[in-house]
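Understanding the architecture of this molecule
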Amino acid sequence: MKQRLVMVGNGMAGVSFVEQLLKLNPNRYDITIIGAEPYPNYNRIMLSSVLAGDSSMQDIILNDWDWYRDNRITLHAGESVTAIDSAAKQIVTDKGAVIPYDELVLATGSLPYMLSLPGADKEGVIAFRDIKDCETMIETAKRYRKAIVIGGGLLGLEAASGLIHLNMEVSVVHKHGHIMERQLDWAASRMLQDELERQGMRFLLQKQSNAILGDARVSGLRFQDGTEEAADLIVMAVGIRPNVRLARVSGIEVNRGIVVDDYMQTSAANIYAVGECAEHRETTYGLVAPLYEQGAVLAKKLAGIAVDGYKGSVVSTKLKVSGVHVFSAGRYADGPGTKALRVQDDLEGVYKKIVFEHGKVVGAVLFGDTSESSKVYSAIRSGEDYSGREKEILFGGAGSPGGGGRSASPIDLAAAMNGDEIVCGCNGVAKETIVAAITERGCVSIGEIKACTKASGSCGACKPVVEALLAATIGSEQVAPVKEGICGCTPLTRDDVVEAIRRMRLRTTKEVMHVLEWSNPEGCSKCRPALNYYIGMLYPKEHEDEPESRFVNERNHANIQKDGTFSVVPRIYGGVTTPEDLKKIAAVAEKYHVPLVKITGGQRIDLLGVKKEDLPNMWKDLDMPSGYAYGKALRTVKTCVGNTFCRFGTQDAIKMGIDMEKKFERLNTPHKVKLAVSGCPRNCAEATIKDLGVVAIDGGWELYVAGNGGMRVRAADLLTKVKTEDEVLEWTGAYLQYYRETANFGERTSEWSIRVGLETIKKALANQEDRDALNERIHVALGQTRDPWKQIVENDDLRNAFEALTAPLSIEAAASNESGAAHNEGGGQA
Ligand SMILES: Cc1cc2nc3c(=O)[nH]c(=O)nc-3n(C[C@H](O)[C@H](O)[C@H](O)COP(=O)(O)OP(=O)(O)OC[C@H]3O[C@@H](n4cnc5c(N)ncnc54)[C@H](O)[C@@H]3O)c2cc1C
Ligand SMILES: NC(=O)c1ccc[n+]([C@@H]2O[C@H](COP(=O)([O-])OP(=O)(O)OC[C@H]3O[C@@H](n4cnc5c(N)ncnc54)[C@H](O)[C@@H]3O)[C@@H](O)[C@H]2O)c1
Ligand code: SF4
Ligand code: FES
């Protein structure tokens, strides 16, 4: 007869243990699981992603009901164990079931820590721990506007980011002077705060909460210093504590967690504990990677396989907020006997700190560029001695493909990784396991690798490295394109959606969401702006733009700044101005007390610190066109002086640039587009890091495309050489329209070109007929555009509507994406 294995808790750690046990010895036990939550095992980590609109509840189910049935596991979902009788070897549930066991595993996880403030029991005060909390936040955001998150740790920041995506105004209350103080040093924390403020998060630092205000429902929070902050929702994210209640009442030894030995055994015979509830060598964990390591040890032990005991884990974390790259591992703080290697690049927003002790890496913080995270994490785990060659960890050795770090491609970096380097921290999957899945088990997509190895199946932070490994192993051209829904509201891809809009002639975002059966009928911050763009791109004449589906900067026709003021950037064609325009700008700057006037990298003049109510009057007084420094649109055409004044110049770069800017201004594009024209190959206008750059040569022009001078620098590729200015305009029009029609919304030309391939772009533009057709379509789109500043100034209704606009920071944050492509989105830089 089989032995009876009973597990209390149906969460990530427990079920991972059961999966591993089933692989090792599938027939040894009759398994029963009792889980208090009424769901099958789901990915708690991904609740942040559900809140951010990137996944649906369905997406995060790890083991569906069929999995339990197929593995002959009896599941009591929505039922709690209330007592353990270790003498009789049985447990009792709140529904009166008495279940005998031979081996019992406690996997009861943690409970969120709730501050015991007066008023904490009011409606609208919640934690962020489970599906129910997530649903409450989504529902609340439909009816209320202001949220406070107490706690600026990982959970608090992910909750705050999600709430911003749900259109709420969010303040994060933190008791320390810098956020994520448990994971980041001051420098990285400050850079993170700046970035999150840019995304619309407000911070109230060094604040001690004192009381929750309101009647039945929360209306605000009072602090110990007497100040108050209004709120319709308060989310407490101030840490967790292991859920030890059941163990304690059952007489099992409990400290902070349930005390276990190296084999996860508790003080009671045949009773084990695994996951966040367990305390091993006086340590409890709150991240999945160590919990899976514990589960692996326990699975071997209960499968009857000899196993070295669990020795504890080195933890590493990544914050899961779109557009933010932060990594922290081990002992990152300076201390006696430690030395740190620091690299700080304020221009690129990159900070790296590696802490060494006796030549070994003991901790690290990476901000802005986390490409070395798996290497650093492996170094900490392996304890390799780097004495005398410490800098190799960031800069690589001589001739190393990773040498110089930032310039090597992700594929080169992946190829240069050691086989035993951990790629997926959540699931403890090393490079060699992923490579074996590709070469030996024939995996050719991320989905297949996930199914074979679990890599990328939890927080998803390792997905870019897994993708790069796949490309490095089988060649990038062989990699099957990943089909992903455009957001958590639909499983349909961008191409599916665009095709459906075209085929069914859908004209509004609401119509698309309804007809294509969006799971969230209101859509989310990710899909609404995308749909608005796609419909406008397909039906430029008929489409009525939906301002409510645009990012806050686009709704305000100005870039919002960290203090809530705006920046105003008038158009200055080709970067060439006149004394008259300069006088107008100076007069406006003085009249409206503009605190900062700055020349931008795109050769424009940026008036920073403007109050929202002053915007329409400023636009009127300026009487210049909008520079679109805030939009997914043509931003600037930067020019050098060309042959007008420069003795090296071979062509008139200024005229070319002005002609281009006048022709394509106001064009809506999937992401911002920057152009440049240089008058000779010396390239003073830096045309080869632009979305489209034109460089004069003897007797003609070279057109470069898909460059990027932002967070991920990319040199542009040569598209073609032409002889005349008309041809430059013709190729530019065709190229921009092809980008408009085929790129994903939010995709810069640099990413788009890598995805679709330069050859595809060249082929699409090779024939005169195709270029003509593309130009015809772009002319129709350009024919519909109007200057937004002028429209508001001249039309009272529009002006009133603008003034009534309350400008929630709603969908601004979605402008950022994993690639960091929108890094400059809100900065006011033209
Ligand atoms: C929003 C969010 C984001 C996160 N992101 C990350 C991340 O990016 N990376 C990372 O590593 N970690 C992350 N974590 C932490 C990670 O989710 C946890 O470490 C992990 O889920 C813990 O697993 P567990 O099985 O120990 O506990 P849990 O997942 O809490 O499971 C325990 C289960 O036991 C049930 N239970 C408790 N008592 C009883 C009882 N008496 N009877 C029956 N059932 C009972 C509970 O209801 C619960 O369902 C995140 C957590 C949250 C909330
Ligand atoms: N990306 C990730 O890895 C991730 C994401 C979410 C959650 N988690 C895990 O979930 C668990 C819970 O996360 P967490 O962020 O709540 O825990 P935490 O303990 O890491 O952070 C809590 C934060 O709240 C602050 N705080 C405590 N009391 C406060 C008060 N009275 N007022 C204001 N601030 C206060 C603390 O200073 C701390 O920074 C952790 O184990 C975490 O590792 C991980
Ligand atoms: S790119 Fe050539 S033409 Fe233009 S300013 Fe530089 S040297 Fe002169
Ligand atoms: S690191 Fe989280 S899924 Fe791989």
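In the nomenclature of an unreviewed UniProt entry, the chain is known as NAD(P)/FAD-dependent oxidoreductase of Paenibacillus lycopersici. According to the UniProt record, the Pathway (unreviewed entry) comment for the chain reads "Nitrogen metabolism; nitrate reduction (assimilation)."

**Thoughts on the sheet that holds strand E5 (residues 90–93)**
As summarised here, the arrangement of the 3 strands in space is E4-E5-E6, forming an open sheet in which the pairing is antiparallel. Edge strands, defined here as strands with exactly one partner in the open sheet, are strand E4 (81–85) and strand E6 (98–100). Ignoring which end each strand starts from, the neighbouring axes of this sheet average 20° apart. Summarising the sheet, E5 and E6 pair through 3 bridges and their orientation is antiparallel. Bridged to Val-92 within E6 is Val-98.

**Some points on the nonpolar core**
Within the largest apolar cluster, 48 residues are counted, with the highest numbers of intra-cluster contacts made by Phe-17 and Leu-106. Among the nonpolar cores identified, the runner-up in size contains 45 residues, and Tyr-42, Leu-51, Leu-157 and Val-326 belong to it.

**Here's the deal with empty space enclosed by the protein**
Inspection of the entire model under this criterion finds 1 cavity of 30 Å³ or more. Reported here for the largest cavity is a volume of approximately 40 Å³. Along its surface, the largest cavity is lined by His-557, Ala-558, Asn-559, Ser-567, Val-568, Val-569, Ala-629, Tyr-630 and Trp-789. When its residues are assigned to classes, the lining of the largest cavity shows 6 nonpolar, 3 polar and no charged.

**A few points about unusual backbone geometry**
At Met-180, a residue that is not glycine, the phi angle is positive and equals roughly 50°. Considering the arrangement of structural elements, one finds Met-180 in the loop between strand E11 (169–173) and helix H6 (186–198). Note on Met-180: relative accessible area 2%, which makes it buried. Phi is positive for Glu-517, close to 55°, though the residue is something other than glycine. Along the chain, Glu-517 falls in the loop between helix H16 (509–515) and helix H17 (527–538). Given a relative accessible area of 67%, Glu-517 falls into the exposed group.

**With respect to the site of ligand 3**
Residues in close proximity to ligand 3 include Cys-640, Val-641, Gly-642, Cys-646, Phe-648, Gly-649, Gly-679, Cys-680, Arg-682, Asn-683 and Cys-684, which together make up its full environment. Classifying every residue of the shell around ligand 3 by side-chain character gives 6 nonpolar, 4 polar and 1 charged.

**Let's talk about the pattern of salt bridges**
In the structure shown here, the tally under the stated rule is 46 salt bridges. A salt bridge links Arg-44 to Glu-37, with the nearest nitrogen and oxygen atoms 2.9 Å apart. Taking the relative accessible area as the measure of exposure, Arg-44 reaches 21% and is therefore partly exposed. With a closest N to O distance of 3.7 Å, Lys-721 and Glu-702 form a salt bridge. Of this pair, Lys-721 sits in strand E36 (residues 717–722) while Glu-702 sits in strand E35 (residues 700–705), and the two are 19 residues apart along the sequence. Lys-721 sits in the exposed class, given a relative accessible area of 53%. Through salt bridges with shared partners, a single ionic network connects Arg-571, Arg-604, Glu-661, Glu-665 and Arg-666.

**Topic: helix H24 (residues 758–766)**
Buried within H24 we find Leu-758, Ile-761, Ala-764 and Leu-765. All buried residues of H24 fall inside an arc of 130° around its axis, so they share one side. Exposed positions of H24 whose direction lies more than 90 degrees from the buried face are Glu-759 and Lys-763. Contacts from the buried residues of H24 go to E35, E36, helix H22 (725–742), helix H23 (749–756) and helix H25 (768–783).

**Some details on the site of ligand 1**
Neighbouring ligand 1 are 33 residues, the closest being Glu-37, Arg-44, Arg-129, Glu-276 and Lys-320. In this structure, an oxygen atom belonging to ligand 1 sits 3.5 Å away from a main-chain N or O atom of Ala-107. A distance of 3.4 Å is found between a nitrogen atom of ligand 1 and a side-chain nitrogen or oxygen belonging to Asn-243. For the shell around ligand 1, the secondary structure elements donating two or more residues are helix H1 (12–24), strand E2 (29–35) and helix H8 (288–303). Of the residues forming the shell around ligand 1, the biggest block, 3 residues, is contributed by H1. Of the residues belonging to the shell around ligand 1, the class tally is 14 nonpolar, 13 polar and 6 charged.

**Structural notes on the side chain of Thr-509**
Tracing the backbone shows Thr-509 in helix H16. Among the polar contacts listed, one links the side chain of Thr-509 to the side chain of Glu-546, at a separation of 2.5 Å. With near-sequence residues (within four places) excluded, Thr-509 lies in contact with Arg-528, Leu-531, Asn-532, Ile-535, Glu-546 and Ser-549.

**Re the sheet that holds strand E16 (residues 233–236)**
Taken together, the 5 strands give an open sheet; going across it, the order is E9-E16-E10-E11-E12, and neighbouring strands pair in parallel fashion. Whereas interior strands pair on both sides, the edge strands pair on one side only; in this sheet they are strand E9 (125–127) and strand E12 (202–204). Ignoring which end each strand starts from, the neighbouring axes of this sheet average 25° apart. Judged from the 5 bridges that link them, strand E10 (residues 146–150) and E11 form a sheet pairing that is parallel. Note that in E11 the partner of Val-149 across the bridge is Val-172.

**Overview of the packing of helix H20 (residues 615–622) against helix H27 (residues 796–804)**
Between H20 and H27, the shortest axis-to-axis distance is 10 Å and the interhelical angle comes to 135°. Taken together, H20 and H27 sit at an angle that is classed as oblique. Each of Leu-615, Pro-616, Asn-617 and Trp-619 in H20 lies in contact with H27, whose residues at this interface are Arg-799, Phe-802 and Glu-803. By residue class, the composition of the contact of H20 with H27 is 4 nonpolar, 1 polar and 2 charged.

Here is what the cut-offs are and how they apply
Residues numbered from 1 in each chain as written. Chains lettered and ligands numbered in written order. Predicted model: local features only at pLDDT ≥ 70, side-chain atom pairs only at ≥ 80, totals over all residues. Heavy atoms only, no water. UniProt positions renumbered as here; feature names shortened; annotations may be inferred. Pairing = 2+ DSSP bridges. Helix = DSSP H or I, 4+ residues; strand = E, 2+ residues; numbered from the N terminus. Axes fitted to C-alpha atoms, helices over the stretch in contact; angles between N-to-C directions. Core = buried A, V, L, I, M, F, W, Y, C linked by side-chain atoms within 4.5 Å. Buried < 20%, exposed > 50% of the residue type's maximum accessible area, 1.4 Å probe, protein only. 1 Å grid on protein atoms, 1.4 Å probe; cavity = no way out; pocket = protein on both sides within 12 Å on 5 of 7 lines; lining within 4 Å. Points joined across faces, edges and corners; volume = space filled by probe spheres on them. Nonpolar A, V, L, I, M, F, W, Y, C, P; charged D, E, K, R; others polar. Near = heavy atom within 4 Å. Salt bridge = Lys/Arg side-chain N within 4 Å of Asp/Glu carboxyl O. Arc of directions from axis to C-beta. Contact = heavy atoms within 4.5 Å. Polar contact = N/O pair within 3.5 Å; in protein donor to acceptor, adjacent residues only side chain to side chain. Parallel < 35°, antiparallel > 145°, perpendicular 65-115°, else oblique.

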